[in-house]
Each structure stands twice: as structure tokens, then as C-alpha cells.
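# Observations on chain architecture
For reference, the chains in residue letters:
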Amino acid sequence: MQFIKPNFKAFTCKCLAAASLALTASSCTLSEPDSINGNGTSGQLQSISFMGQQAVYMKYDGQGRVTEVAMPFHDTKIKVSYNPLHMLIEEYDSYEVGDEGYEYRRYSTLDWKNIRTNAAGNITSADVTETIYHYDWYDPSTGQSVKEYTEVDNYSHILRYDSEEHLIFISDAEQEKDSEYKWVDGCMVSGNNTNEEYFTCEYSDVPNVTGQWTPFWGAASLFQMTGLFGKAPEKMIRAIRSEDGYNTYQNIYFSYKLNDKGQISVMKYNDSSDDITMSMVFTYK
């Protein structure tokens, strides 16, 4: 197993269901990101919302360090603690219980220990314990699900960065398919993930002046929201095109509105393969 990569098709469906609204499918071409000043709050990112529903939230400690990044619609949570540095990734899923209901349970965890960092504070290696929880049956006498067994695997990750601290390499847990990312002029232009997905990125001319990540930029971007996995691209990503090795393609387009600090205030996300567009609001404090 390896880094959790959000399934954006599933994420989109969960967003729409949670908002209880149907989007009208229509072909659209997004404009270049507009650097519009004076809109939205600024400071540390608190949440990213879609139709009033929280798609992402962030938590910090008293020193301003990230302690939690979560995508409720994707059922994924990253928890970070310090001194010593430790990271726990939790994935959840819904399971059928009885004849009428569902129960929300933890599906898997990735426990990162013995984490080592470089001088810039980016993670260079870690020992990982992956646990998958198997729930095989439901006990009506107690009203509880019975956890039949857990599956545990131990492995390590090695990560490398270029001279500007951009992430360029993640070793695969099975040592079969490492992830590698190519950067040109401070921008990640292509790469592959350990799950056989290949992608390319296109950029606008709008600079990413605050070095901001979003969890929707593919690769390891959900992890990079912690600030522990290298620098962000120097410009705003306009499009990501991906192929998963099974002739499944996805084209995602972005446009943005920025606040007066140069942070993203509103991001429009368009998955052209499903002809769906979402506008997400970024809140800071």
C-alpha cells in the first residue's frame, strides 16, 4: 500500500449528495485565474466549503503548525503531532448493518513513526504501519458490529526533494512502482503515482505568491497541506490531465479568485469527464 490519493469522482458525488442539490450538467470552458483583490478573509486556512458544506478543514497548534487536515466527504483525516513528529492517517467507510441501516466505521490507518526530516523540515523517511479493519458481521443482540480481524503491514517510505525543496520522489511500499514528479521553473509539470496514475499539469500566469497548496491538485497534495512535504508550485494550476493505466482518463480544470494577500478565495473545479463544475470557498483566520 502507499499514500492515500483522493478519488475525486467519489468526492464529487459525496459533495453533491451532502449538499442535497443536483448540478445541471453543461459543457463549459473556464477562464484564466483572475487575480481579484480585496475578496475573502486571509490568514491561516480554516476550511474549504462547497454549497455551505465543509469539504476540507484544517486545525493548528499554538505555534501555527498543522495538527489536522480532513476531507469529510472523502472520509479521510490526517493527524500530526510534534516532538517527536508523528502522523496518523485515518480512512473511514460506511458498512451495512442489519437490514435497514449503515454504520460509519474506520476502514484503515497509516501510522507514520520514526519520521526523519531535512533542514527545511520536509519528511525524508518514515516507518509506516498500515492497519486494515475487517468487519464481517453484525450482532443484533448487542446492536454492534463485530470486528472479525485486522490486517497489518509494516514498511518504510523514502522521499527526495530537488534543490528548491520540491517533492520529486516517493518510494513505493511494495518496491514495485515509485512515485516521481518532474518540476520545471518551480512548477510540477508531470508525474506518476504508485497506483499507476500518470498526470500532467498546465499553469496560468498568476503567481502562487503565498506558496499555497490545495488538496485538489492531485499527486500527494492532501499530504502536502501539512507543510511537511515540500514547496508548492510557483504558479496556480490551470489543468490536470490524468490516466490510470486502464484507459481511464480524467481532465480537471481550475480557475480562481484571490484575496488581497494572494491566497485563493474561491476556486472553481471542473471535471470535464463528468461535465460537473463546483465553486469552493476558502475561509481563513
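Our subject is the structure listed above.
In this text, all values refer to a predicted model and were calculated from it rather than measured experimentally.

### Overview of the overall build of the protein chain
Scanning the protein chain for helices and strands turns up two helices and 16 strands. Partitioning the contacts of the protein chain with sequence separation of at least 6, the portion at a separation of at least 24 is 49%. Summed over all atoms, the accessible surface of the protein chain reaches about 13,800 Å², with 46% contributed by carbon and sulfur.

### What about the layout of surface pockets?
A water-sized probe rolled over the atoms picks out the places where empty space is left. Its volume calculated, the largest pocket comes out at about 390 Å³. Around the largest pocket, the lining comprises 21 residues; the ones closest to its centre are Thr210, Gly211, Gln212, Trp213 and Met225. Here the lining of the largest pocket is composed, by residue class, of eight nonpolar, twelve polar and one charged.

### Points about the pairing of strand E3 (residues 66-71)
Burial within E3 is extensive, with five of its six residues counted as buried. With antiparallel pairing between neighbouring strands as the criterion, strand E2 (residues 53-60) and E3 make up a hairpin whose turn holds five residues, including Gly64 at a positive phi of roughly 80°. With four bridges connecting them, E3 and strand E4 (residues 76-81) associate as antiparallel partners. Paired with Glu68 across the strands is Lys79, a residue of E4. Counting the residues that bridge the hairpin from E3 to E4 gives four residues, and of these Asp75 lies at a positive phi of roughly 60°.

### Considerations on the pairing of strand E11 (residues 187-192)
The pairing of strand E10 (residues 179-184) with E11 spans five bridges and is classified as antiparallel. For Glu180, the partnering residue across the bridge sits in E11 and is Asn192. Hairpin connection from E10 to E11: two residues lie between these consecutive antiparallel strands, with Asp185 at a positive phi of about 50°. Sheet topology note: the E11/strand E12 (residues 198-207) ladder contains three bridges and is antiparallel. In the strand pairing of E12, Asn192 is matched with Tyr198.

### Remarks on unusual backbone geometry
At the junction of Asn83 and Pro84, the peptide bond is cis and its omega measures out at 5° in the coordinates. Assignment of secondary structure puts Pro84 in the loop between E4 and strand E5 (86-97). One non-glycine residue, Asn83, lies in positive phi territory at about 55°. Considering the arrangement of structural elements, one finds Asn83 in the loop between E4 and E5. On the basis of relative accessible area, Asn83 is assigned to the exposed category, the value being 69%. A positive phi is found at Asp185, a non-glycine position, where the angle reads about 50°. On the secondary structure map, Asp185 appears in the loop between E10 and E11. Classification of Asp185 by relative accessible area gives exposed; the value is 70%.

### Re the environment of Tyr57
Along the chain, Tyr57 turns up in strand E2. Residue classification places Tyr57 among the buried residues on the basis of a relative accessible area of 16%. Note: C-alpha distance between Tyr57 and Lys77 (20 residues apart in sequence) is 9.5 Å. With sequence-adjacent residues up to four places away left out, Tyr57 is seen in contact with Gln46, Ser47, Glu68, Val69, Ala70, Pro72 and Lys77. Polar side-chain contacts of Tyr57 include one of 2.6 Å to the side chain of Glu68.

### Topic: the pattern of salt bridges
Within this structure, the stated rule accounts for five salt bridges. Two residues, Glu202 and Arg238, come together in a salt bridge whose shortest N-O distance is 3.7 Å. Here Glu202, found in strand E12, pairs with Arg238, found in strand E13 (residues 235-243); they are 36 residues apart in sequence, far enough to count as distant. The exposure class of Glu202 is partly exposed, given its relative accessible area of 29%.

### Overview of the nonpolar core
Judged by nonpolar contacts, the single largest core of 61 residues is most densely connected at Trp112 and Phe254. Sorting elements by how many residues they give to this core places strand E16 (residues 276-284) first, with five residues.

### Examining the environment of Asp162
Here Asp162 is to be found in the loop between strand E8 (144-161) and strand E9 (167-170). In sequence terms Asp162 and Lys182 are 20 residues apart; their C-alpha atoms lie 9.7 Å from each other. Non-local contacts of Asp162, meaning those with residues more than four positions away in its chain, are made with Ile168 and Trp183. Engagement of the side chain of Asp162 in a polar contact is seen with the backbone nitrogen of Glu164, the distance being 2.9 Å.

Conventions used here
- Residues numbered from 1 in each chain as written.
- Predicted model: local features only at pLDDT ≥ 70, side-chain atom pairs only at ≥ 80, totals over all residues.
- Heavy atoms only, no water.
- Helix = DSSP H or I, 4+ residues; strand = E, 2+ residues; numbered from the N terminus.
- Contact = heavy atoms within 4.5 Å.
- Areas by Shrake-Rupley, 256 points an atom, 1.4 Å probe, with all protein chains shown as cover.
- 1 Å grid on protein atoms, 1.4 Å probe; cavity = no way out; pocket = protein on both sides within 12 Å on 5 of 7 lines; lining within 4 Å.
- Points joined across faces, edges and corners; volume = space filled by probe spheres on them.
- Nonpolar A, V, L, I, M, F, W, Y, C, P; charged D, E, K, R; others polar.
- Buried < 20%, exposed > 50% of the residue type's maximum accessible area, 1.4 Å probe, protein only.
- Pairing = 2+ DSSP bridges.
- Polar contact = N/O pair within 3.5 Å; in protein donor to acceptor, adjacent residues only side chain to side chain.
- Salt bridge = Lys/Arg side-chain N within 4 Å of Asp/Glu carboxyl O.
- Core = buried A, V, L, I, M, F, W, Y, C linked by side-chain atoms within 4.5 Å.

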